[in-house]
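Chain and residue survey
Chain by chain, the residues:
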Amino acid sequence: MNTVERWKQEKHPLDVIEDVKRYAEEGMSFDEIEADAGDGEWERLKWAGMYAHGRQRGYFMMRTKVPGGRLTPEQAEVIGEVADEYATAPEAYGGENQNNIWGDAFLDITTRQDIQKHWIEVEDVPEIWDRYGEVGLTTIQGCGDSARNVLGCPAAGLDDHECFDAQPVIAAVSDFFTENREYANLPRKFKMTITGCRHDCAQSQINDVGLVPARKEVGGEEYYGFHARVGGGLSDGPRMASNLDVFVRPEDAVEFCRAVAQTFKELGDRNNRGVCRMRYLVQQMGPETFEEAVRDRCTVDLRSRGADLTEGYTGDHVGVHDQKQDGLKYVGFNVIAGRMGGDEFAAAARAAREYGTDDATIRLATDQNFLVTHVPEENVGDLLNEPFARKYRPDPGPFSRGAVGCTGSEFCNYGIIETKNRVRRWAKALDRRIETPDDLEVVRMHMSGCSASCAQPQIADIGFRGETVDIDDPEGTTNEEGDNIVEGMDFGLGGSLGADNEFLDWVEHAVPADAVIPALEELFDAYADERTDGERFYEWCRRVDNDRLRDVMQRADANVAGGVPHEEVTSDD
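So, a few notes on the structure that sits alongside this text. Per chain, residues are indexed from 1 in the order of the written sequence. Restriction of local features to residues with pLDDT of at least 70 applies here, the model being predicted, together with a cutoff of 80 or more for giving and counting side-chain atom pairs; totals for whole chains, interfaces and linings are based on all residues. Heavy atoms from the whole structure form the basis of all side-chain values; hydrogens and water molecules are not counted.

Digging into the overall build of the chain
Along the backbone of the chain there are 19 helices and 20 strands. Here the globule rule is a power law, 2.2 Å times the number of residues to the power 0.38, and the radius of gyration is based on C-alpha atoms. In summary, the chain has a C-alpha radius of gyration of 23 Å against a globular reference of 25 Å for 573 residues, a match within 12%. In terms of overall dimensions, the chain has a C-alpha envelope of 70 × 60 × 55 Å along the principal axes. Counting only residues that meet the buried cut, the chain has 61% of its 573 residues in that class. The contact criterion used is simple: two residues touch if any of their non-hydrogen atoms lie within 4.5 Å. At a minimum sequence separation of 6, the contacts of the chain that also span at least 24 residues come to 72%. Secondary structure elements are defined from DSSP: runs of H or I of at least 4 residues count as helices, runs of E of at least 2 residues count as strands, and each element is numbered from the N terminus. Accessible area is worked out with a 1.4 Å probe on protein chains only. A residue is then buried under 20% of its type maximum, exposed over 50%, and partly exposed in between.

See the structure below:
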């Protein structure tokens, strides 16, 4: 049993919720919390949805779970107001100037349809929880070795391409696992996605459990339900999920997910924390044997597969779209790297109330963007004229539209490089500097600050993974430590989900950050010259040999030798 498992045995992780209230009431510092509860408390605090900041001792990141990404305007407004009031840096860390792009009091939309806030102090947590409780929000099990936020299609109930609205199933599964002590101590995090839409935007191929729409004939009648995929995931050892030979009725989805969690709980590795994710268990057992283990633990009859109804993958919902309800639209707003002001998010919530019907919602998407739904067609123009809408416009350039970034070294314990500011600068610069084909609406550029893959680089057209680079500088320039270490990244090309799903190839390793933009310019020049009709960038990257891709990228180095220096983009616009 590894160290984390011993900590969880010493005290059930959900017990930390009451401890947080005591720490707040007694005004305890980080040193006092450690003296009271020991090192293991920082791990258990994850079950309260709290991560200690990596570089700013005394502060937390707090994660809000949003099942299926669906928020009422009241919930979204509270989230924005809480960020504006509590996610604020002290003067010692720069105050409102602590971030040169976003300033202060911002929030981050994540690739799991969560909301993250930074600079949270423990004494403020009970007040935040009280305000959340009034509108039905929670941070409990936003992190930790338990069921995480359940993903869904952000356009559920809106688009004609769905077979049925799976949001009630998402809510039922989320309710079952949240604060359920029996399933709150699993070998590692447990990620589920459930959708009734044909386009799999909830990413079933890279989750521990993915339920996707299916149809089954039983006794001469047809029923809609789910097919199941298991064992997907990214980080080190990425794996696409395997299909099980099961048909899950919507009313049986909670029990099926419980049985999978039970299988993971009983058979998952609790020794080597590096290989205890469920995907390793599925790989080791094989999908067929894993399915038998799930069936043995499931209390409902699981029929064999029917007709799969998934047709492909839709990566985003940016833009103005028709709803299947007559006269209504939903608008997908582009939030580069998922970061925006708490006041702006609250403004979007108030706009949803003002311009939408009584059914209006705010929806979070896995590409870190958000939707405002149920907007009468005649109100769309007024909505788009709101200040937040002009900033997070629904018609961005292709690089801005596809830009995803993790927390990075700014706050994360594991981050090697800064990500959020860099992703925003790069996306805007690339939209200006690279002319893409008219039919290429989005270039998915994902940047993770380390190998943990929170930004999902393996499924992107262009993926980055943070590294440090020891450069051979002829001028002898050194950093504060006296060596030639700079921020850099592994550089990958050609990933995607869907019918042609494939993880990208890490084409180059340890590329200095200031060499990336010139290399991308060379790649897109070659792509424009060589692409076939309608060929996407990731398709071209797969068709072209990796050695050829490296040669194209290295033309940028030749330009440097010819007197054109590499310069990392530093301005916002």
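Overview of the pattern of salt bridges
For this document, the term salt bridge refers to a Lys or Arg side-chain nitrogen within 4 Å of an Asp or Glu carboxyl oxygen. Under the criterion given, the structure shown has 49 salt bridges. A salt bridge links Arg70 to Asp165; its shortest N-O distance comes to 3.8 Å. In this pair, Arg70 is assigned in strand β3 (residues 70-71) and Asp165 in the loop between α6 (125-135) and α7 (167-177), connecting sequence segments 95 residues apart. According to the relative accessible area criterion, Asp165 is partly exposed, its value standing at 31%. When the shortest N-O distance is used, the salt bridge between Arg188 and Asp145 registers 4.0 Å. With Arg188 in the loop between α7 and β6 (192-194) and Asp145 in the loop between α6 and α7, this residue pair connects regions lying 43 residues apart in the sequence. The exposure class assigned to Arg188 is buried, which follows from its relative accessible area of 17%. Linked through salt bridges whose partners overlap, the residues forming this network are Glu5, Lys8, Glu43, Lys46, Asp145, Arg188, Arg270 and Arg273.

Let's talk about the environment of Lys189
Looking at the secondary structure, you find Lys189 in the loop between α7 and β6. By relative accessible area, Lys189 is classed as buried at 17%. Residues in contact with Lys189, not counting those within four places in the same chain, are Gly144, Asp145, Ser146, Arg148, Asp208, Phe264 and Arg277.

Overview of the sheet that holds strand β2 (residues 60-64)
When DSSP finds at least two bridges between two strands, those strands are taken to pair. Taken together, 5 strands build an open sheet; the order of strands is β1-β2-β5-β4-β13 and the sheet is antiparallel. Two strands lie at the open edges of the sheet, namely β1 (50-52) and β13 (339-341), each paired on one side alone. Averaged over all neighbouring strand pairs, the angle between strand axes comes to 30 degrees, with direction disregarded. Relative to strand β5 (residues 115-120), β2 runs antiparallel, the two sharing 4 bridges. Residue Met62 lies in a different strand from β5, and its bridge partner there is Lys117. Note on geometry: axes are lines fitted to C-alpha atoms, helical ones only across the stretch in contact, with angles between N-to-C directions running from 0 to 180 degrees. Helix α5 (residues 73-86) rests against β2, β4 (106-109) and β5 of the sheet, and its axis sits at about 20 degrees to β5.

What about the side chain of Ser496?
Looking at where Ser496 falls in the secondary structure, it is placed in the loop between β19 (485-493) and β20 (505-512). With sequence-adjacent residues up to four places away left out, Ser496 is seen in contact with Met240, Arg444, Ile459, Asn501, Glu502, Tyr538 and Arg542.

Quick notes on the state of the cysteines
Throughout, disulfides are identified as pairs of cysteine sulfur atoms within 2.5 Å of each other. Going through the model one piece at a time under the given rule, you end up with 0 disulfides. Free cysteine Cys276: the closest other cysteine sulfur is in Cys454, separated by 15 Å. Cys412 provides the cysteine sulfur closest to Cys450, a residue in no disulfide bond, and the two sulfurs are 5.8 Å apart. With relative accessibility at 13%, the residue Cys450 sits in the buried group.

A short note on helix α16 (residues 516-530)
Multiplying one less than the number of residues by 1.5 Å gives the expected span of a helix. Relative to the 21 Å expected for 15 residues at 1.5 Å per residue, α16 spans 21 Å between its end C-alpha atoms, a close match to the ideal helical length. Within α16, burial applies to Val516, Ile517, Pro518, Ala519, Leu520, Glu522, Leu523, Phe524, Ala526 and Tyr527.

What to know about the packing of aromatic side chains
Working definition: an aromatic ring pair is given by the centre-to-centre distance plus the angle between the planes. Only Phe, Tyr and Trp rings are paired, with Trp represented by its six-membered ring, and only when their centres lie within 6.5 Å; those with planes under 30 degrees apart are stacked, over 60 edge-to-face, the remainder tilted. According to the stated counting rule, one finds 27 aromatic pairs in the structure shown. Ring geometry for Phe524 and Phe537: centres 4.2 Å apart, planes at 10 degrees, overall stacked. With Phe524 in helix α16 and Phe537 in helix α17 (residues 537-543), this pair connects stretches of sequence that are 13 residues apart. Looking at Phe524, the relative accessible area reads 3%, which means it is buried. Aromatic ring contacts, followed pair by pair, group Tyr59, Tyr93, Phe106, Trp119 and Phe411 into a single cluster. Taking NZ or CZ as reference, Lys265 lies 5.3 Å from the ring centre of Tyr183, over its face. Whether a charge sits over a ring depends on NZ of Lys or CZ of Arg being within 6 Å of the ring centre and within 35 degrees of the ring normal. Here Arg465 stacks its cationic end above the ring of Trp506, 4.0 Å away from the centre of that ring.

Overview of the packing of α7 against helix α8 (residues 253-267)
Where α7 meets α8, the axes come as close as 9 Å, and the angle between the chain directions of the two elements is 45 degrees. What the angle tells us is that α7 and α8 run oblique. At the point where α7 passes α8, the crossing takes the right-handed sense. Residues Val169, Ala172, Val173, Phe176 and Phe177 of α7 touch α8, and the partners they reach there are Ala253, Val254, Cys257, Arg258 and Ala261. By the definition adopted for this analysis, an angle is roughly parallel if under 35 degrees, roughly antiparallel if over 145, roughly perpendicular if from 65 to 115, and oblique otherwise. Left-handed describes a crossing whose near helix is turned anticlockwise from the far helix by less than a right angle; the clockwise case is right-handed.

As for α5
Its 14 residues place the ends of α5 20 Å apart at the C-alpha level, agreeing with the 20 Å of an ideal helix rising 1.5 Å per residue. The element α5 is largely enclosed, with a buried count of 10 among its 14 residues. Three or more residues of α5 are buried, namely Pro73, Gln75, Ala76, Glu77, Val78, Ile79, Gly80, Val82, Ala83 and Tyr86.

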